[in-house]
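Analysis of the macromolecular model
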Amino acid sequence: MTYSLFGGGGGLLGNPYQNKEPRLEFYLDTNQKHRWRIYMSSDIVAASTQGYATKQLCIDNLKKIANHIIQLDKSGKLI
């Protein structure tokens, strides 16, 4: 049996983010590289693992990840 951590029905941990809107932030790290992170409430739920030379490269990376998630969902591999 597969459980979702935060599934719509509560999941294993309930749904602390119910009725919350995600917030996307682009920022410069201490090495002046561009990064992104996504917040739900005050929690960071996703973040770039590397810095990018330009904001556009950073945005392109985030779009690539979004497309991968869409493809996983379409193929039934997203749990």
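Residues numbered from 1 in each chain as written. Predicted model: local features only at pLDDT ≥ 70, side-chain atom pairs only at ≥ 80, totals over all residues. Heavy atoms only, no water.

The next thing to look at is the side chain of Arg35. With respect to the secondary-structure elements, Arg35 resides in strand 2 (residues 34-40). By relative accessible area, Arg35 is classed as buried at 19%. At 3.5 Å, the side chain of Arg35 forms a polar contact with the backbone oxygen of Ser48. Discounting residues that sit within four places of it in the chain, Arg35 has contacts with Glu25, Phe26, Tyr27, Asp29, Ser48, Thr49, Gln50, Gly51 and Cys58. (Helix = DSSP H or I, 4+ residues; strand = E, 2+ residues; numbered from the N terminus. Buried < 20%, exposed > 50% of the residue type's maximum accessible area, 1.4 Å probe, protein only. Polar contact = N/O pair within 3.5 Å; in protein donor to acceptor, adjacent residues only side chain to side chain. Contact = heavy atoms within 4.5 Å.)

This part takes up the pattern of salt bridges. All chains considered together, the criterion is met by two salt bridges. Where Arg37 meets Glu25, a salt bridge forms, and the shortest distance between an N and an O atom there is 2.3 Å. Of this pair, Arg37 sits in strand 2 while Glu25 sits in strand 1 (residues 22-28), and the two are 12 residues apart along the sequence. Here Arg35 ties to Asp29 by a salt bridge, and the two come within 2.8 Å at their closest N and O atoms. In this structure, Arg35 and Asp29 share a single accessibility class: buried. (Salt bridge = Lys/Arg side-chain N within 4 Å of Asp/Glu carboxyl O.)

It is worth spelling out the packing of aromatic side chains at this point. If you walk through the whole model with that rule in mind, you get zero aromatic pairs. Over the ring of Tyr27 we find Arg37; its NZ or CZ atom is 3.8 Å from the centre of that ring. (Phe/Tyr/Trp six-rings, centres within 6.5 Å; stacked < 30°, edge-to-face > 60°. Lys NZ or Arg CZ within 6 Å of the ring centre and 35° of its normal.)

Below, the discussion takes up helix 1 (residues 55-74). A rise of 1.5 Å per residue sets the reference length of helix 1, with its 20 residues, at 28 Å; its end C-alpha atoms lie 29 Å apart and thus fit the reference within 8%. Along helix 1, the residues classified as buried are Cys58, Asn61 and Leu62. The buried side chains of helix 1 occupy one side of the element, clustering within an arc of 95 degrees when seen end-on. Of the exposed residues in helix 1, those oriented more than 90 degrees away from the buried face are Lys63, Lys64 and Lys74. Of the surrounding secondary structure, the elements contacted by the buried residues of helix 1 are strand 1 and strand 2. (Expected span 1.5 Å × (residues − 1). Arc of directions from axis to C-beta.)

All quantities given are derived from atomic positions and should not be read as evidence of function.
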